[in-house]
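So the chains spell out like this:
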Amino acid sequence: MSLPEAFTERLEKIVPHERFAAILKTFDAPKQVTFRVNTLKSTPSELEAELSQGGIAFERVEWMEGVYRIAPEDKLRLTQTEAFYGGRLYIQNLSSMIAPVLLAPRPEETVLDLAAAPGGKTLILAGMMQNTGWLSAVEPSRERFFRLCDNLKQQGVTNAHTYMTDGRSVGKKCPEMFERILLDAPCSSEARFKTYDEKSTSFWSVHKVKETSKLQRRLLLSAFDALKPGGKLLYSTCSFSPEENESPLQHLLERHGERLKTLPLILPFDNVQKPLERWGKEVYDERIQNAVRILPTDTIDGFFICLLEKTS
Ligand code: SAM
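Computed from a prediction, not measured in an experiment: that's the story for all the values here.

## Considerations on the overall build of the chain
Reasoning step 1: Regarding its fold elements, the chain presents 11 helices and 15 strands.
Reasoning step 2: Its C-alpha atoms give the chain a radius of gyration of 19 Å, within 12% of the compact-globule value 20 Å for 312 residues.
Reasoning step 3: In terms of overall dimensions, the chain has a C-alpha envelope of 60 × 45 × 35 Å along the principal axes.
Reasoning step 4: Taking all 312 residues of the chain together, 54% fall into the buried category.

Below is the structure:
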């Protein structure tokens, strides 16, 4: 099976020319499996000892403590360990770990995860907050909401308050309430496309990308309303389309630009690209240049991240 033609044509215009061929290849094979210690239940050294005793061969990811990689064929064995059942580790792509780490919530803060299920990033937020403070997790899809609740429980999160509601309504209900907000927005998931899994691309179309962009704009406005002055907001997606990345940020800055700044991000690897300066008829605010586009490799999924601060 091949990727949708309209998608590859657009991708070629988005990513650096010299990396396009290598990026296309990353859709053909499963990524290396990465996982991290759940700091609410264990420590890196305890988990390493536990896995070594169980005969699991893992490699440390040098640039993030408590994060490991294993070959895809060893994933099944990892999911059969006591550590996995006991919620002492969590399998997650590196890109997904980076977003909450960059938001960097602290213990006792008031934090919102505005599009939370299945909860992989909520778990990291709770770990960084050491199960203190107030962590609101919002998810409107019933089925996904219950998966989120199960995950939080299994991984020992006790500071989260879960809400089955539409994130677009939160800003008006909770104005200027949160010190940190993660909006890992619903997106067309282009970075999760796989040429060996037809389902991964079956819902995609340029029309869908544009529809999703409208939802993302409204969620970002809601997040802005819910953010305390001086607070930080991290916007992320796992899509390449500028309509889902630079465009919703442009829309936010056009409305509230005088009260927002973007913060520079430094990542510990070089498979990154600056955001686009323009796309179609749109020319983007230069503050968006502080965002980062993570380019996919055999280990890391493609991702877009922008960190914003609301001025006092
Ligand atoms: N942050 C999650 C994690 O790391 O596990 C993944 C979030 S996923 C990219 C986006 C989520 O947004 C989906 O669970 C989707 O159901 C949810 N969503 C869709 N529409 C939404 C809305 N209007 N308000 C809030 N969340 C929404």
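Once you've had a look at it, read on.
## Some thoughts on the nonpolar core
Reasoning step 1: Core analysis: the largest hydrophobic core is formed by 81 residues, its most contacted members being L183 and I294.
Reasoning step 2: Every residue in contact with I294, bar those within four places of it in the chain, is listed here: S95, I98, L267, F269, N271, V272, I300, D301, G302, F303 and I305.
Reasoning step 3: With 11 residues, the next largest nonpolar core counts L51, I56, Y68 and A83 among its residues.

## Considering the side chain of T195
Reasoning step 1: Within the element layout of this structure, T195 appears in the loop between β8 (178-184) and α10 (206-226).
Reasoning step 2: What makes T195 buried here is its relative accessible area of 14%.
Reasoning step 3: A polar side-chain atom of T195 sits 2.9 Å from a polar atom in the side chain of D28.

## Observations regarding the pattern of salt bridges
Oppositely charged side chains are able to pair whenever their charged atoms sit close together.
Reasoning step 1: On inspection of all chains with the given rule, the structure shows 17 salt bridges.
Reasoning step 2: D184 is the partner of K121 in a salt bridge, and the nearest nitrogen-oxygen pair spans 2.7 Å. Note that K121 is positioned in helix α7 (residues 120-128) and D184 in strand β8, a separation of 63 residues in sequence. As far as burial versus exposure is concerned, K121 and D184 are alike and both buried.
Reasoning step 3: E176 is paired through a salt bridge with R259; the nearest N and O atoms lie 3.6 Å apart. With a gap of 83 residues between them, E176 in the loop between α9 (170-173) and β8 and R259 in the loop between α11 (246-256) and β10 (260-263) connect regions that are remote in the sequence.
Reasoning step 4: Note on E176: relative accessible area 35%, which makes it partly exposed.
Reasoning step 5: Linked by salt bridges that have partners in common, K31, R192 and D301 make up one network.

## Describing the site of the ligand
Reasoning step 1: Around the ligand there are 20 residues in total, and E139, R144, D166, G167 and D184 lie nearest to it.
Reasoning step 2: Here an oxygen atom of the ligand and a backbone polar atom of G119 are 3.0 Å apart.
Reasoning step 3: In this structure, an oxygen atom belonging to the ligand sits 2.7 Å away from a side-chain N or O atom of E139.
Reasoning step 4: Contact with the protein chains covers 85% of the free accessible surface of the ligand, which is 600 Å².
Reasoning step 5: Where the shell around the ligand is concerned, the elements lending two or more residues are α7 and α10.
Reasoning step 6: For the shell around the ligand, the residue count by class is 10 nonpolar, four polar and six charged.

## Let's talk about the packing of α10 against α11
Reasoning step 1: Direction vectors running N to C along α10 and α11 enclose 45°, while the axes themselves pass 9 Å from each other. Considering their axes alone, α10 and α11 lie oblique with respect to each other. Of the two possible hands of crossing, α10 and α11 adopt the one that is right-handed. Residues S213, Q216, R217, L220, L221 and F224 of α10 touch α11, and the partners they reach there are S247, P248, L249, H251, L252, R255 and H256.

## Comments concerning the packing of aromatic side chains
Reasoning step 1: Applying the stated criterion to the full structure yields 11 aromatic pairs.
Reasoning step 2: Aromatic pair F7 and F27: ring centres 5.8 Å apart, planes at 90°, arrangement edge-to-face. Of the two residues, F7 is situated in helix α1 (residues 5-14) and F27 in the loop between α2 (20-25) and β1 (33-37); the sequence distance between them amounts to 20 residues. The pair formed by F7 and F27 is uniform in burial state, with each residue classed as buried.
Reasoning step 3: Aromatic side chains F58 and Y68 sit 5.2 Å apart centroid to centroid with 80° between the ring planes, which places their arrangement in the edge-to-face category. Here F58 is found in the loop between α3 (44-53) and β2 (59-60), whereas its partner Y68 is found in strand β3 (residues 67-70), with 10 residues between them in sequence.
Reasoning step 4: Looking at F58, the relative accessible area reads 23%, which means it is partly exposed.

## Remarks on the pairing of β1
Reasoning step 1: Taking burial as the measure, the five residues of β1 include five buried ones, the bulk of the element.
Reasoning step 2: Pairing between β1 and β3: four bridges, direction antiparallel. Residue pairing in the sheet places V33 in a bridge with I70 of β3.
Reasoning step 3: Note that β1 and strand β4 (residues 89-91) share three bridges and pair antiparallel. Looking at β4, one finds that R36 is bridged to Y90.

Conventions adopted
Residues numbered from 1 in each chain as written. Predicted model: local features only at pLDDT ≥ 70, side-chain atom pairs only at ≥ 80, totals over all residues. Heavy atoms only, no water. Helix = DSSP H or I, 4+ residues; strand = E, 2+ residues; numbered from the N terminus. Rg over C-alpha atoms; globule rule 2.2 N^0.38 Å. Buried < 20%, exposed > 50% of the residue type's maximum accessible area, 1.4 Å probe, protein only. Core = buried A, V, L, I, M, F, W, Y, C linked by side-chain atoms within 4.5 Å. Contact = heavy atoms within 4.5 Å. Polar contact = N/O pair within 3.5 Å; in protein donor to acceptor, adjacent residues only side chain to side chain. Salt bridge = Lys/Arg side-chain N within 4 Å of Asp/Glu carboxyl O. Near = heavy atom within 4 Å. Areas by Shrake-Rupley, 256 points an atom, 1.4 Å probe, with all protein chains shown as cover. Nonpolar A, V, L, I, M, F, W, Y, C, P; charged D, E, K, R; others polar. Axes fitted to C-alpha atoms, helices over the stretch in contact; angles between N-to-C directions. Parallel < 35°, antiparallel > 145°, perpendicular 65-115°, else oblique. Left-handed = near helix turned anticlockwise from the far one by under 90°. Phe/Tyr/Trp six-rings, centres within 6.5 Å; stacked < 30°, edge-to-face > 60°. Pairing = 2+ DSSP bridges.

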